[in-house]
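What the coordinates show
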Amino acid sequence: MPREDEGKRGPRLRDALRSLPSVDVVLGALESEHAIRGIPRRRVTEAVREALARERRRLLGAGEAPAAAADALEIGRRVVAELTRAGAFSLAPLINATGVVLHTNLGRALLSPLAQERLLRVAGAYSNLEMDIATKERGSRYAHVAGLLRRLTGAEASLVVNNNAAAVLLALESLARGKEVIVSRGELIEIGGEFRIPDIMRRSGAVLREVGTTNRTHLKDYVTALGPETGLILKVHTSNYRVVGFTAAVSSRELVELGRPRGIPVMEDLGSGCLVDLRPHGFPWEPTVPEVVASGVDLVSFSGDKLLGGPQAGIVVGRADLIERLAQNPVNRALRIDKFTIAALEATLYAYEAGTALATIPTLRMLTEPLAAIRRRARGLLRRIPADAQRALGAGVVEARSQVGGGALPTVELPTAALALGTAARPARALDEALRAARPPVLGRLLDDRLLLDCRTVLPGDIPALARALTSL
Ligand SMILES: *Cc1c(COP(=O)(O)O)cnc(C)c1O
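Predicted model only: the values in this text are computed from it and were never measured. (Residues numbered from 1 in each chain as written. Predicted model: local features only at pLDDT ≥ 70, side-chain atom pairs only at ≥ 80, totals over all residues. Heavy atoms only, no water.)

**Considering empty space enclosed by the protein**
Scanning all chains against the criterion turns up 2 cavities of 30 Å³ or more. Each pocket or cavity is described by its volume, and for the largest cavity that value is around 60 Å³. Every residue lining the largest cavity is listed: Cys274, Val276, Asp277, Leu278, Arg279, Phe283, Pro284, Glu286, Pro287, Thr288, Leu307 and Leu409. A class-by-class count of the residues in the lining of the largest cavity yields 8 nonpolar, 1 polar and 3 charged. Reported here for the second largest cavity is a volume of approximately 30 Å³. (1 Å grid on protein atoms, 1.4 Å probe; cavity = no way out; pocket = protein on both sides within 12 Å on 5 of 7 lines; lining within 4 Å. Points joined across faces, edges and corners; volume = space filled by probe spheres on them. Nonpolar A, V, L, I, M, F, W, Y, C, P; charged D, E, K, R; others polar.)

**Some points on the sheet that holds strand E12 (residues 413–421)**
As summarised here, the arrangement of the 4 strands in space is E11-E12-E15-E14, forming an open sheet in which the pairing is antiparallel. The two strands at the open ends of the sheet, each matched to only one other strand, are strand E11 (396–403) and strand E14 (445–447). Mean inter-strand twist for the sheet, computed between neighbouring axes without regard to direction, equals 45 degrees. Pairing of E11 with E12, which is carried by 8 bridges, proceeds in the antiparallel orientation. Pairing of Ala400 across the sheet is with Thr416, part of E12. Each of E11 and E12 is contacted by helix H17 (residues 371–383), which is oriented at about 10 degrees to E12, the strand it contacts most. (Pairing = 2+ DSSP bridges. Helix = DSSP H or I, 4+ residues; strand = E, 2+ residues; numbered from the N terminus. Axes fitted to C-alpha atoms, helices over the stretch in contact; angles between N-to-C directions. Contact = heavy atoms within 4.5 Å.)

**Description of the pairing of strand E4 (residues 157–161)**
Along E4, 5 of the 5 residues are buried, which leaves the element largely enclosed by surrounding structure. The alternating pattern of E4 places Ala157, Leu159 and Val161 and Ser158 and Val160 on opposite faces, both of which are buried. (Buried < 20%, exposed > 50% of the residue type's maximum accessible area, 1.4 Å probe, protein only.)

**Considerations on the nonpolar core**
Residues Val181, Leu299, Val300, Leu349 and Val404 are the most contacted members of the largest nonpolar core, which totals 84 residues. With 8 residues, helix H7 (residues 164–176) is the largest single contributor of residues to this core. When residues of this core are sorted by domain, at least three fall in each of domain 2 (95–105 + 366–471) and domain 3 (113–360). Those residues in contact with Val404, other than ones at most four positions away along the chain, are Val100, Val101, Leu102, Phe283, Leu307, Leu367, Leu409, Val412 and Leu414. Formed by 28 residues, the second largest nonpolar core is a distinct cluster that contains Leu381, Leu382, Leu453 and Ala465. (Core = buried A, V, L, I, M, F, W, Y, C linked by side-chain atoms within 4.5 Å. Domains from an automatic or database assignment.)

**Let's talk about the domain arrangement of the protein chain**
When its domains are assigned, the protein chain resolves into domain 1 (4–86), domain 2 (95–105 + 366–471) and domain 3 (113–360). Using only C-alpha atoms to locate each centre, domain 2 and domain 3 end up separated by 34 Å. Each partner contributes to the interface: domain 2 provides 12 residues, whereas domain 3 provides 14 residues. Across the domain 2 to domain 3 interface the summed buried area is about 1000 Å²; carbon plus sulfur atoms make up 77%. The three residues of domain 2 that bury the most area against domain 3 are Thr368, Leu409 and Pro410, which together make up 45% of that side's buried surface. Taken together, the connections running from domain 2 to domain 3 amount to 0 salt bridges. For the interface between domain 2 and domain 3, the tally reads 0 residue pairs in polar contact (both at pLDDT 80 or more). (Buried area = accessible area lost by both parts, 1.4 Å probe. Salt bridge = Lys/Arg side-chain N within 4 Å of Asp/Glu carboxyl O. Polar contact = N/O pair within 3.5 Å; in protein donor to acceptor, adjacent residues only side chain to side chain.)

**Describing the pattern of salt bridges**
Within this structure, the stated rule accounts for 25 salt bridges. As a salt-bridge pair, Arg77 and Glu74 come within 2.9 Å of each other at their nearest N and O atoms. Of this pair, Arg77 and Glu74 both sit in helix H4 (residues 72–86), 3 residues apart, which is roughly one turn of that helix. Taking relative accessible area as the criterion, Glu74 reaches 23% and is therefore assigned partly exposed. Of the charged contacts in the structure, one is a salt bridge between Arg279 and Asp277, with a shortest N-O distance of 2.7 Å. Several salt bridges share partner residues, and in doing so they unite Glu55, Arg58, Glu74, Arg77 and Arg78 into one network.

As structure tokens, then:
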């Protein structure tokens, strides 16, 4: 730059920099702003400092002689816009330290990095959602996951709807409207959120034919109930409770042997529907989707966002002719999945086929993470909190139990490590409240007079923010 320009720029730049308001002056200008009441003072001060630093950089970087600096009101306006933008959205991430891996109120399954990436990719671009590009003919949105589902479950056909409740409704309405559906009394479940088998049955226009008793149902109970009115035999996984003691239930295979010769389809609502056997990781036996399909059941339905670890969806797999009846039902149009679901589901299923499911799907990773690794994360969190803050909070690492959640494996308790907090001066309830008000909010679990932050569901990336939230308490 020629010397005389620099000479001109020098004093003007100095003047512009000198005209920058101070932090206190901007804070004073913000005093009357309603929008920022309730935002912690420190947060506001920090944002003002950052806005002033940005303005200073802008002045220094201006190629020509810089214009005058923004005044206090203008800087204040920018700070308000920024602080309220961060808090402007209702649906927002939080830190789940409850230890409940599939927490329906906290959004159930987290998507794998691949599923997130595929979802974003189709969100901002046109796609071949319903077009066969090679022939330019209309394609099916379900085709993008049909091959994966066929190979992973062994079933010949599939259909995906909005959630598993919708899948059950659609199947009943398509196959048993005006007919009887035989269900064991021990399986007339309510899974919360208004989903009760008898209610869904009524809505679908099917007639519930209950058989057996709460604790014991035998094959002869089904046999007695069979008749010309029978449209479907339904088996329902008792996802969120267990009947223990003097019990009896009829297996899927026996029901198939009963229905097949009479031409009556058998459907199983598996609820969670796991594709992999979790027994090697210390879980009790659960029927996997391929096992149920192999038993000969005509239709199997399960959720996309429970143990499968994908997006919210209801997946039905089974006999091609029955799936076709579900697909052709006009009700299916109302339960249709969108491209985001398909993108995320395809990526999730892809991981199962590639053998990377346990390593990359957060639900499976959290469920199978060894206690030692969770304990290391809990200790790492504790170490990030200064010693005086640790003392003030009564913080220490303890062993606890976490739950699977999502109405899956209700009797399973997983050994875990948690940060326990709470003292006479800082009671757990008050800490719980303060942490829920933090940004991002932190949800723990109150147990007796302690607040437990279960590190099974705390993501490694959450640790710095969680440590900051705890330190600022
Ligand atoms: C969870 C569950 C459902 C409902 O599934 P959503 O995907 O939440 O709609 C239906 N049946 C059983 C047995 C379940 O466990």
